[in-house]
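# Close look at the chain arrangement
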Amino acid sequence: PLSEQIKVVYGLVLSRLYHQRVTYVPSFKTAFDFFCIHAGGRAVLDGIEKNMRLSPEDLQPSRAVLHAKGNTSSSSIWYELDHIE
């Protein structure tokens, strides 16, 4: 969404003008209804959740597939889509 793009640009401008690190992480929840994240392991999901500021509910399909099937490489996305459906 445009509002998130404006916030990112604003953060970049502030960081250039004041030579301070200003990092804005966009809210992906405003653009997407659900998330289908590769279940590459617990540490991967924890890092994505923290850095993208997602809630545990957003990663529930990924965690459920990781628990039920394990890390099945790229095919885990198909299992997640089935879980979400």
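Residues numbered from 1 in each chain as written. Predicted model: local features only at pLDDT ≥ 70, side-chain atom pairs only at ≥ 80, totals over all residues. Heavy atoms only, no water.

The terminal C-alpha atoms of helix 1 (residues 2-18), which comprises 17 residues, lie 24 Å apart, in line with the 24 Å expected from a rise of 1.5 Å per residue. Every buried residue of helix 1 is accounted for by Glu-4, Gly-11 and Ser-15. The buried residues of helix 1 occupy one face: seen down the axis, they fall within an arc of 30°. For helix 1, the exposed residues set more than 90 degrees away from the buried face come down to Leu-2, Gln-5, Ile-6, Tyr-10, Arg-16 and Leu-17. Of the residues flanking the end of helix 1, it is His-19, one or two places downstream, whose phi is positive at about 50°. (Helix = DSSP H or I, 4+ residues; strand = E, 2+ residues; numbered from the N terminus. Expected span 1.5 Å × (residues − 1). Buried < 20%, exposed > 50% of the residue type's maximum accessible area, 1.4 Å probe, protein only. Arc of directions from axis to C-beta.)

The next point concerns the side chain of Ser-62. Among the structural elements, Ser-62 can be located in helix 3 (residues 60-69). A relative accessible area of 0% places Ser-62 in the buried class. Excluding residues within four positions of it along the chain, Ser-62 makes contact with Ile-37, Ala-39, Leu-45 and Glu-80. (Contact = heavy atoms within 4.5 Å.)

Bringing the packing of aromatic side chains into the picture now. This model, assessed by the stated rule, comprises zero aromatic pairs. The residue whose ring lies beneath Lys-69 is Tyr-79, and the NZ or CZ to ring-centre distance is 4.7 Å. (Phe/Tyr/Trp six-rings, centres within 6.5 Å; stacked < 30°, edge-to-face > 60°. Lys NZ or Arg CZ within 6 Å of the ring centre and 35° of its normal.)

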